[in-house]
Amino acid sequence: MTDTTVPVTTKKDWSSDQEVRWCPGCGDYSILSAMQLLMPELGVRRENTVFVSGIGCAARLPYYMNTYGMHSIHGRAPAIATGLAVSRPDLDVWVITGDGDSLSIGGNHLIHALRRNVNLTIILFNNQIYGLTKGQYSPTSEVGKVTKSTPFGSVDRPFNPISLALGAEATFVARTHDMDRKHMMEMFRRAHDHKGGGFVEVYQNCNVFNDGAFEQITAKGAREQMLIPLEHGKPIRFGAEAEKGVILDGQGRAQIVDVADVGEDAILVHDEAREEPGLAFMLSRLARGPHEPTPIGVFRAVERPDYGEAMQHQIIDAQAKRGAGDLAGLLSSGSTWQV
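If you're wondering where the values come from, they're calculated on a predicted model, not measured in any experiment.

A.B. asks: Just to check I follow, could you spell out the overall build of the protein chain for this structure?
C.D. replies: Helix and strand content of the protein chain: 14 helices and 11 strands. Computed over C-alpha atoms, the radius of gyration of the protein chain comes to 22 Å, within 12% of the 20 Å expected from 2.2 N^0.38 for 339 residues, which places it in the range of a compact globule. Projected onto its principal axes, the C-alpha positions of the protein chain cover 75 × 50 × 45 Å. Taken over 339 residues, the protein chain has a buried fraction of 47%. Long-range pairs, those at least 24 residues apart, make up 66% of the contacts in the protein chain with a sequence separation of at least 6. On the protein chain, roughly 17,200 Å² of surface is accessible, and the fraction owed to carbon and sulfur atoms is 53%. Side chains of the protein chain give 33 positive and 40 negative charges; the mean places of these two sets differ by 4 Å.

Structure representation (structure tokens):
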């Protein structure tokens, strides 16, 4: 008889013996710690857990988790993880990626993993810079960003990762930041427990090449006025006295207002389970960058069949209708065959 009891573990059990090699003060340390603290609470086994990463500073995380893992190639982590998740649905598969890795060369793989609703938990570290290659601008860098590769300032308009994920019809989309371990752990937990594709953007500070990129909204003294918590079923309010709120204006656009000016009944109630993603998309566009009041939390969490299950059902149905295939006969049947 198989023992299904999950052994009790601690953060130490999930931490590998590898020396953590990020720059001192990097936000990646905080994310790693949140992950290692969360894993014992998820009720999963280390031998059934896999971290797949691409290339970049964030991509070193699998080395530091005492689980199975793969440091793959630039931008292809979602594709590799898709193959693993579909062929081994018994595993917990995490994708660790950065804004350069997943939104530049890996953009195609990311959006298709999300639209297919592959059963993956994708954590995107967003520091708005290429850190590993020493400070070039990335797909999330702001217009005018002066870097080694844009000495006169970037003219590219940046991606909004949350908007991108929602546009790809991701079924779970959330945002957190590296200065709040409790919130990070909760977002990671929610994404992991979601059946299908879970996507979490983490605002993460690169203190060497892009220090303070999110300081205007994540600094301890700024959070009450600059972070807009999204909580399912609750009015979207923020501020020290919850004096600010979000409404839909006469043209159906999300807008920040003083609650006293419009009344409590006018404040938008957050519905993360709304099937149509338009409202979540509007919330993702509230801030033009991390210098304005910015929503954090779960934008969308809806149920839809995941890709692996749908594919397995298709195979089972085909076998039931046509019987088991003869692979050896097919391989030796010549250059043409009838279906």
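Now that the structure has been shown, the text picks up again.
A.B. asks: What is the right way to look at the pattern of salt bridges in this model?
C.D. replies: Any two side chains of opposite charge can pair, on the condition that their charged atoms come close. All told, the structure shown has 16 salt bridges when counted by the stated rule. Where Lys195 meets Asp306, a salt bridge forms, and the shortest distance between an N and an O atom there is 3.7 Å. Taken together, the residues span a long stretch of sequence, with Lys195 in the loop between α8 (181–193) and β6 (198–203) and Asp306 in the loop between β11 (294–301) and α13 (307–322) at a distance of 111 residues. On the accessibility criterion, Lys195 (35% relative accessible area) is partly exposed. Beyond isolated ion pairs, a larger network of salt bridges with shared partners links Glu41, Glu186 and Arg189.

A.B. asks: Honestly, the environment of Glu241 in this entry has me stumped. Any pointers?
C.D. replies: Take Glu241: it is sitting in the loop between β8 (237–238) and β9 (244–248). For Glu241, a relative accessible area of 67% translates into the label exposed.

A.B. asks: Mind showing me how you'd approach the nonpolar core here?
C.D. replies: Soluble, globular proteins show a tendency: their nonpolar side chains are buried together. Residues Leu114, Leu120, Phe199 and Leu283 are the most contacted members of the largest nonpolar core, which totals 34 residues. Elements that contribute at least two residues to this core include exactly β1 (49–53), α4 (77–87), β3 (92–98), α6 (107–116), β4 (121–126), α7 (161–167), β7 (227–230) and α12 (278–284). Apart from residues lying up to four places away in sequence, Leu120 is in contact with Pro78, Ala81, Thr82, Ala85, Val93, Val95, Ala113, Gly196, Gly197 and Gly198. Among the nonpolar cores identified, the runner-up in size contains 31 residues, and Met39, Leu42, Trp94 and Phe188 belong to it.

A.B. asks: Any chance you could explain a nonpolar patch on the surface here in plain terms?
C.D. replies: Side chains of Leu327, Leu330 and Leu331 sit close together on the surface and give an oily, nonpolar patch of about 330 Å² of accessible area. By secondary structure assignment, the location of Leu331 is in helix α14 (residues 327–331).

A.B. asks: Please clarify how empty space enclosed by the protein should be interpreted in this entry.
C.D. replies: Unfilled space is identified by rolling a water-sized probe across the atoms. Scanning the model with the defined rule gives 1 cavity of 30 Å³ or more in all. Of the voids in this model, the largest cavity is the one considered here, and its volume is about 50 Å³. Lining the largest cavity are His270, Asp271, Glu272, Arg274, Glu276, Pro277, Leu279, Ala280, Leu283, Phe299 and Arg300. Contributions of two or more residues to the lining of the largest cavity are made by α12 and β11. With 3 residues, α12 is the single largest residue contributor to the lining of the largest cavity. Across the lining of the largest cavity, the residue classes tally to 5 nonpolar, 1 polar and 5 charged.

A.B. asks: I'm lost on the pairing of strand β10 (residues 254–258) in this one. Help?
C.D. replies: Side-chain positions along a regular strand alternate between the two faces of the sheet. Here β9 runs beside β10; their pairing, made up of 5 bridges, is antiparallel. Within β10, the position partnered with Val246 by the bridge is Ile256. Two successive antiparallel strands, β9 and β10, enclose a turn made up of 5 residues, where Gly252 displays a positive phi of approximately 75 degrees.

A.B. asks: It is not clear to me how the sheet that holds β1 should be interpreted in this structure. Could you clarify?
C.D. replies: Sheet strands associate in pairs through backbone hydrogen bonding, adopting either a parallel or an antiparallel arrangement. Strand order in the open sheet made by the 8 strands is β2-β1-β3-β4-β6-β5-β11-β7, with mixed pairing throughout. If you trace the sheet from one side to the other, it starts and ends with β2 (68–71) and β7, each paired once. Between one strand axis and the next, the sheet turns through 20 degrees on average, direction left out of account. As paired elements, β4 and β6 share 6 bridges and run parallel to each other. Among the inter-strand pairings, Ile123 is bridged to a residue of β6, identified as Val200.

A.B. asks: Quick question: what am I supposed to make of the packing of aromatic side chains here?
C.D. replies: Per the stated rule, a full pass over the model turns up 5 aromatic pairs. When the centroid spacing of 6.5 Å and the interplanar angle of 55 degrees are considered together, the rings of Tyr63 and Tyr64 count as tilted. On the basis of relative accessible area, Tyr63 is assigned to the partly exposed category, the value being 37%. Here a set of aromatic residues connected by ring pairs shows up, and it is made of Trp22, Tyr29, Tyr63 and Tyr64. The ring centre of Tyr307 lies 5.7 Å from the NZ or CZ of Arg116, which sits over that ring.

A.B. asks: Please clarify how the layout of surface pockets should be interpreted in this entry.
C.D. replies: Approximately 530 Å³ is the volume attributed to the largest pocket. Around the largest pocket, the lining is made up of 23 residues, and of these Pro158, Asn160, Ala287, Arg288 and Gly289 lie nearest the centre. Its residues assigned to classes, the lining of the largest pocket comprises 8 nonpolar, 9 polar and 6 charged.

Thresholds, definitions, all that
- In every chain, residue numbers begin from 1 and rise along the written sequence.
- Given that the model is predicted, a residue must reach a pLDDT of at least 70 before its local features are reported, and side-chain atom pairs must reach 80 or more before they are shown or counted; all residues, however, enter totals for whole chains, interfaces and linings.
- Computation of side-chain values: all heavy atoms of the structure, hydrogens and water removed.
- Helix and strand definitions here come from DSSP, where helices need a minimum of 4 consecutive H or I residues and strands a minimum of 2 consecutive E residues; each element is numbered from the N-terminal end.
- Computation of the radius of gyration draws on C-alpha atoms, with the globule rule given as 2.2 Å multiplied by the number of residues to the power 0.38.
- Think of it in three bands: residues with accessible area under 20% of the maximum for their type are buried, residues over 50% are exposed, and the middle band is partly exposed, with areas taken using a 1.4 Å probe on protein chains only.
- By definition in these notes, contact holds between two residues if any of their heavy atoms fall within 4.5 Å.
- Here, Shrake-Rupley sampling with a 1.4 Å probe gives the accessible areas, and only protein chains in the shown set may cover a residue.
- In summary, the charge assignment counts Lys and Arg as positive and Asp and Glu as negative, without counting His or the chain termini.
- Positions of charges follow a simple convention, taking NZ of Lys, CZ of Arg, CG of Asp or CD of Glu.
- Put simply, a salt bridge is a Lys or Arg side-chain nitrogen that is within 4 Å of an Asp or Glu carboxyl oxygen.
- Among buried residues, those of type Ala, Val, Leu, Ile, Met, Phe, Trp, Tyr and Cys that are joined through side-chain atoms within 4.5 Å constitute a nonpolar core.
- Nonpolar side chains (Val, Leu, Ile, Met, Phe, Trp, Tyr) are joined into patches within 5 Å and like charges within 9 Å, using only residues with over 30% relative accessible area and no salt bridge.
- A pocket here means an open set of points on a 1 Å grid, computed over the protein atoms alone, that has protein on both sides within 12 Å along at least five of seven lines. A cavity is instead a set of points where a 1.4 Å probe fits but cannot get out; residues with an atom within 4 Å of a point line either one.
- Grid points are joined across faces, edges and corners, and a volume is the space filled by probe spheres set on the points.
- Gly is placed with the polar residues, together with every amino acid not listed as nonpolar (Ala, Val, Leu, Ile, Met, Phe, Trp, Tyr, Cys and Pro) or charged (Asp, Glu, Lys and Arg).
- We call two strands paired when DSSP finds no fewer than two bridges between them.
- Axis definition: a line fit to C-alpha positions, over the contact stretch in the case of helices; interaxial angles, taken between N-to-C directions, run 0 to 180 degrees.
- Ring geometry is summarised as follows: Phe, Tyr and Trp rings, the Trp one being its six-membered ring, pair when their centres sit within 6.5 Å, and such pairs are stacked at plane angles under 30 degrees, edge-to-face over 60 and tilted between the two.
- Criterion for a charge above a ring: Arg CZ or Lys NZ at most 6 Å from the ring centre, at most 35 degrees from the ring normal.

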